[in-house]
Amino acid sequence: MGTRSRDAAAALLLLAGCAGGGDPVRRDLDALRAELGALRQENEELSRRVDLLAARVEVATGRARAGAREEPAAAAPIVPPDLAVVRIEPPPREPPAREPRRPPRAAPPVPTAVAIAEPDPERLEAIGRKGSRDLAAEAAEELARARRLLGPARAHALEDFVTRYPRHPSADNALVEAAAAYADAGAADASCELGRRAKDDYPAGDAMCDALERLAWCESRRGSTAAEKRLLERLVADCPRTPAAERAGVRLATISGRSGETPPAVPARSGP
């Protein structure tokens, strides 16, 4: 019981002793009794709460003890506690030795089978304006114009056409025609050079047979009968049933007649 309860009980006893004091005393006595009853109820409620809290504390304490028993033992430290850590400084790095400066090497030559010509500014401008169909028509007109010329002018124009249009379908034929024009004009060296270009730059072209015939003529002119014969035999084997092969067969017969050998058989020509 608290202090207020004890004071109320003392006051109640005092008023009980003075019960003869009349109605005011009785009213005070009734009020004190009511206050005493309320204080008793409050005391009982507090006592009940204390009991509940005590029970919850016991339950929590039991759980904590059970968890402590189930907790595994701490693992032993991997690193011994008495191990001393010593920091090792790396050895000083020596500066790398400087390599002697090498002189710059020249770029290797770029092999190309087609002669490289400086682009014509006017032609570049024309390419920017015209489409592929217009360029094809322009190339065909330029080739026809070159073929209408005669002598060295014809050879120069055809050679210039090949330089400007190296991928044209008739570029190999234009080289062989230019070689023939040089030969007719007496420029044998230029003729042989263009024949060699036609053979090397356009190995799959349809002018290969004429190029081989031109090179055989060049070897005959130099007096190299063995080289001429090899070219003629290749011409007969690679270009059967062509006028160039027939002429090669006749020439081989002439060479073999001089040396006493049997000329190779020339395939018969088919068609007109």
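Below you will find a few notes about this structure. (Residues numbered from 1 in each chain as written. Predicted model: local features only at pLDDT ≥ 70, side-chain atom pairs only at ≥ 80, totals over all residues. Heavy atoms only, no water.)

**Section: the packing of helix α5 (residues 151–164) against helix α6 (residues 171–184)**
Put simply, α5 and α6 touch, their axes get as near as 8 Å, and they point 155° apart. What the angle tells us is that α5 and α6 run roughly antiparallel. Crossing geometry of α5 relative to α6 is assigned as left-handed. Between α5 and α6, the residues in contact are Gly 151, Arg 154, Ala 155, His 156, Leu 158, Glu 159, Phe 161 and Val 162 and Ala 171, Ala 174, Leu 175, Glu 177, Ala 178, Ala 181 and Tyr 182, respectively. Along the lines of polarity and charge, the residues of the contact of α5 with α6 split into 10 nonpolar, two polar and three charged. (Axes fitted to C-alpha atoms, helices over the stretch in contact; angles between N-to-C directions. Helix = DSSP H or I, 4+ residues; strand = E, 2+ residues; numbered from the N terminus. Parallel < 35°, antiparallel > 145°, perpendicular 65-115°, else oblique. Left-handed = near helix turned anticlockwise from the far one by under 90°. Contact = heavy atoms within 4.5 Å. Nonpolar A, V, L, I, M, F, W, Y, C, P; charged D, E, K, R; others polar.)

**A closer look at the nonpolar core**
Counting 21 residues, the largest nonpolar core has Leu 158, Phe 161, Val 162, Ala 174, Leu 175 and Leu 194 as its most contacted members. Taken together, the elements giving at least two residues each to this core come down to α4 (132–147), α5, α6 and α7 (188–201). In terms of residues, this core owes the most to one element, α6, which gives eight residues. The contact partners of Leu 175, leaving out residues within four places of it in the chain, are Val 162, Leu 194, Arg 197, Ala 198 and Tyr 202. By size, the runner-up hydrophobic cluster in this structure holds 14 residues, among which are Met 208, Cys 209, Val 236 and Ala 244. (Core = buried A, V, L, I, M, F, W, Y, C linked by side-chain atoms within 4.5 Å. Buried < 20%, exposed > 50% of the residue type's maximum accessible area, 1.4 Å probe, protein only.)

**With respect to the packing of aromatic side chains**
The final tally for this structure, using the stated rule, is one aromatic pair. Measuring from ring centre to ring centre gives 5.2 Å for Phe 161 and Tyr 165, while their planes differ by 35°; the resulting arrangement is tilted. Take Tyr 165: its relative accessible area is 8%, and that puts it in the buried class. Directly above the aromatic system of Trp 217 lies the positively charged group of Arg 214, at a separation of 4.9 Å from the ring centroid. (Phe/Tyr/Trp six-rings, centres within 6.5 Å; stacked < 30°, edge-to-face > 60°. Lys NZ or Arg CZ within 6 Å of the ring centre and 35° of its normal.)

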